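# Observations on the model geometry
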Amino acid sequence: MRLRRPGPHRIAPSTARARGVVLTLLAACLMVPAALTAPASATEGATADASRPAVLGSATTADDSGLDVEIEDLAPRVLTTQDQVVVTGTITNTTDTALEGTVHIEVHLQSVTAFTQDQLTGFLSGTQLAGALVATATLDSAPSPGASLPFSLTLETSRLPLGRSFGWGPRGLSVDVSAGTASGRDRTFLVWDSGYEVAPTRIGTLVPWTSASSTDSSTETSTALRLAGTDGVTLAIDPEVLLGVEGGGSGGDQQSGLLTPSASPSPSAMSPSSTPGTPSASPSPSASTTDTDAPEQDASPPSGGDTPSSGGDDGPPVTSYTRTLLDRAQEVVALPSWDADLAALSMSDSKDLLDLASDSRATRLSGGTADVVRNVVWPTSETFGRQVLQAFPGETFIAPPGALAPTDQVSFTSVARVEVDPATGENSLRGADDSTVTVLSSQEALADLLSWDPTSASDRLDTEQVLTALSAVITRELPNQSRTLFVPTARGTALDTDLESRLAALLDQRWVEPLTFSQVVDSEPTDLGRRAVGDAPALDEVTTQAFAEISSALTSTSSLAEAIPEPRALQDRLEDSALETLSATGTESEREGRLNDFRDLVHSLLTAVRAEPSATVNLINKSANFPVRVTNDLPWDVDVVVTLEPSDPRLRVTSTQMSTIPAGSSVSVDVPVTAIGSGDITVGYRVSTPGGQVLDDSQSVTVRMRAGWEDAGTAVVAGLLVLMLVVGVTRTVRRRLRDRSATEEE
């Protein structure tokens, strides 16, 4: 983290103690060109990050003193028997003027170990002393305006104020820099492991991998494979994310796979072109497990061409990536499909959706050797309450970080497992009994640090070092007594190498014993009084609106389901999309976006089977077949009944027509009609299910009836034929008479 002192500061002369410290400066540091200009984001990083964990303190102070100092790495980060500690970082001139004089550097290290979380935060925030001066250095030139200089300081371990082995743990380390009137400071922690014998703190972490936050990247899938084989890490998996990885799922798009693009022509091309009857009506689209520290390319998912293997009778086929993941993991937690919020569902009237989401945990994630935990309910901070504890008796619950904190002030971190009576919300001090359920609590600071994804090297260092430091502080609280802690990462946390580094900083320590999720659940319950679990507040507006629209959609599409060969298929897909809409992952705006997607999907479903518009139709016959072009954009064949609704009784429908419209196509359906008289009328199209439910009645067409023209034309033609016959006979008779007269005269 970075702190800037408000005024000019001159480094004091080196003390006798500091003179003995071996200090090396990379020669290249003095020759770095001004081309190493800090990007705008470097200075803009001073803007406060709302998601920054509180344990890291404030990111900035009120004044900018001209130098931005960042400690970017320590080697080693946990000091054991090494002879040296290398401190590296950068110094940036944030002013628009050249700095005069040399650059002075001081390195301070606390001689006393931090004992509490507040002391860690206080040191990073600058409210605690920097500690003993352990090194000084001078650079001959300062960085140019906007430019940066890297620095590297090597400290000899024997000269550090570490003290006796009992004082192991985090020590605050500060780098102070001044040049002319500008100054700057950065602080972090060096953790000293003296080898002092302690009872390890047992820690289990839970990392969610859900479709709502999945990026479908090779980095994510490779990281998931490595995390699956990491001790102390249990993946909580939304089964839909694996379908997306294998290329068989929607990957977060509700409409993908539900509606296929219509292969029918455009509306203009679908206007009736054939004449009904005579020309009388003419209208004008399995891999084996490997070590967790194997190279990343070895952990990449198998190609999509691998043949799926059977996943059992109750679930979908298990593909090679899924099998590899489930073989590599010791244990995984099954989340509901789309990570649907079971707590919110339990507070609604949607029992069918609740059962669907709950049951999806039992039928998915099969086919590997990993133990699958299928009885976990993970509410959000908004839906955690007694309602969900009462709705799922006998299951394990994950409380929001910081909830269920001890009611009394204690000097140590209490254990994760809490037995709670769902009826009262009070926790049992005597452990589990028939009236309690298991709720896992977590330390808020650890969960926040593990879930935060910093963007700068210095913030990444601080985050990882404070994770290590905090685990040491917790262990030192009761060094002779092991306790079990649970640390979940927040939904939406990116699965990448940075997360792996944060997990390693927490779990890969001598004083930490990694646990699986089940081992945490089976650990000793607390005997301290905890804050009671109250009723969850009423569902927020977005969730309430989502339930209302889902209920309406299921009702409005039921008639459409009657028209397809397997009515349940459409309902299943719609309910699946409803679960995605009710995902517990995401911010309020993201949930609103999913609700809008659901609205679009329902609209697409309700307009998938429709009559196409037509140009004006000329009807000159008394009886004819009236063409109606019907489009079906669904992936199933649809049985429909097509009829007409004339605005004038002079046109009557002889009979309705039933037809099967193939999936993704358009068909012209001929409806028999009878016309009496002439005139222009409006005729509506109505497409219904065989049961009479209307699918579409929005289209109409103008019909020009000229039914009398047929009789008049026939009479005219008949008269002309008779006239032609009379004329012909007359001419024939006259010719014969002339011929006879000529013969007689001869």
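Residues numbered from 1 in each chain as written. Predicted model: local features only at pLDDT ≥ 70, side-chain atom pairs only at ≥ 80, totals over all residues. Heavy atoms only, no water.

Following the criterion strictly, the structure yields six aromatic pairs and no others. Considering the side-chain rings of Trp-168 and Trp-511, the 5.1 Å spacing of their centres and the 50° angle between planes classify their relative orientation as tilted. With 5.9 Å between their ring centres and 75° between their planes, Phe-486 and Phe-517 make a pair best called edge-to-face. With a gap of 31 residues between them, Phe-486 in strand S18 (residues 484-488) and Phe-517 in helix H14 (residues 517-521) connect regions that are remote in the sequence. Residues Phe-486 and Phe-517 agree in their burial class; the two are buried. Just above the ring of Phe-123 sits the side chain of Arg-187; from NZ or CZ to the centre is 4.4 Å. One residue, Arg-476, lies across the ring of Phe-166, its end atom 5.5 Å from the ring centre. (Phe/Tyr/Trp six-rings, centres within 6.5 Å; stacked < 30°, edge-to-face > 60°. Helix = DSSP H or I, 4+ residues; strand = E, 2+ residues; numbered from the N terminus. Buried < 20%, exposed > 50% of the residue type's maximum accessible area, 1.4 Å probe, protein only. Lys NZ or Arg CZ within 6 Å of the ring centre and 35° of its normal.)

Core analysis: the largest hydrophobic core is formed by 69 residues, its most contacted members being Leu-345 and Leu-634. The contact partners of Leu-345, leaving out residues within four places of it in the chain, are Ala-340, Leu-353, Leu-354, Ala-357, Phe-547, Leu-579 and Leu-582. Membership of the second largest hydrophobic core comes to 54 residues, among which are Val-191, Leu-225, Leu-242 and Leu-507. (Core = buried A, V, L, I, M, F, W, Y, C linked by side-chain atoms within 4.5 Å. Contact = heavy atoms within 4.5 Å.)

This next bit is on helix H5 (residues 218-228). In terms of residue burial, H5 counts as a mostly covered element, since nine of its 11 residues are buried. Every buried residue of H5 is accounted for by Glu-220, Thr-221, Ser-222, Thr-223, Ala-224, Leu-225, Arg-226, Leu-227 and Ala-228. In this structure, the buried residues of H5 make contact with strand S10 (201-209), strand S11 (233-237), helix H6 (239-245), helix H7 (320-328) and helix H13 (497-507).

Side-chain pairs of opposite charge can arise whenever the charged atoms involved come near each other. If you walk through the whole model with that rule in mind, you get 23 salt bridges. Here Asp-572 and Arg-568 are joined by a salt bridge, their closest N and O atoms 2.7 Å apart. On the criterion of helical spacing, the pair formed by Asp-572 and Arg-568 is a turn pair, its members being four residues apart in helix H17 (residues 567-581). On the basis of relative accessibility, which here comes to 44%, the residue Arg-568 falls in the partly exposed class. Where Arg-610 meets Glu-612, a salt bridge forms, and the shortest distance between an N and an O atom there is 3.4 Å. Residue classification places Arg-610 among the partly exposed residues on the basis of a relative accessible area of 24%. One network of salt bridges, in which partners are shared, links Asp-73, Arg-77 and Glu-464. (Salt bridge = Lys/Arg side-chain N within 4 Å of Asp/Glu carboxyl O.)

How two helices pack is summed up by the angle between their axes together with the distance between the axes. Contact geometry of helix H15 (residues 541-556) with H17 gives a least axis separation of 11 Å together with a crossing angle of 175°. When the axes of H15 and H17 are compared, the pair comes out roughly antiparallel. Here Ala-546, Ile-550, Ala-553 and Leu-554 of H15 come into contact with H17, specifically with Gln-571, Leu-574, Glu-575, Ala-578 and Thr-581. Residues of the contact of H15 with H17, tallied by class, amount to six nonpolar, two polar and one charged. (Axes fitted to C-alpha atoms, helices over the stretch in contact; angles between N-to-C directions. Parallel < 35°, antiparallel > 145°, perpendicular 65-115°, else oblique. Nonpolar A, V, L, I, M, F, W, Y, C, P; charged D, E, K, R; others polar.)

For helix H9 (residues 351-363), which comprises 13 residues, the first-to-last C-alpha distance of 19 Å matches the rise-based estimate of 18 Å (1.5 Å per residue) to within 8%. Within H9, burial applies to Leu-353, Leu-354, Ala-357, Ser-358, Ser-360 and Arg-361. Seen end-on, H9 carries its buried residues on one side only, within an arc spanning 145°. Residues Lys-351, Asp-352 and Ala-362 are exposed on H9 and point more than 90 degrees away from its buried face. Leu-365 sits one or two positions beyond H9 and adopts a positive phi of about 60°. (Expected span 1.5 Å × (residues − 1). Arc of directions from axis to C-beta.)

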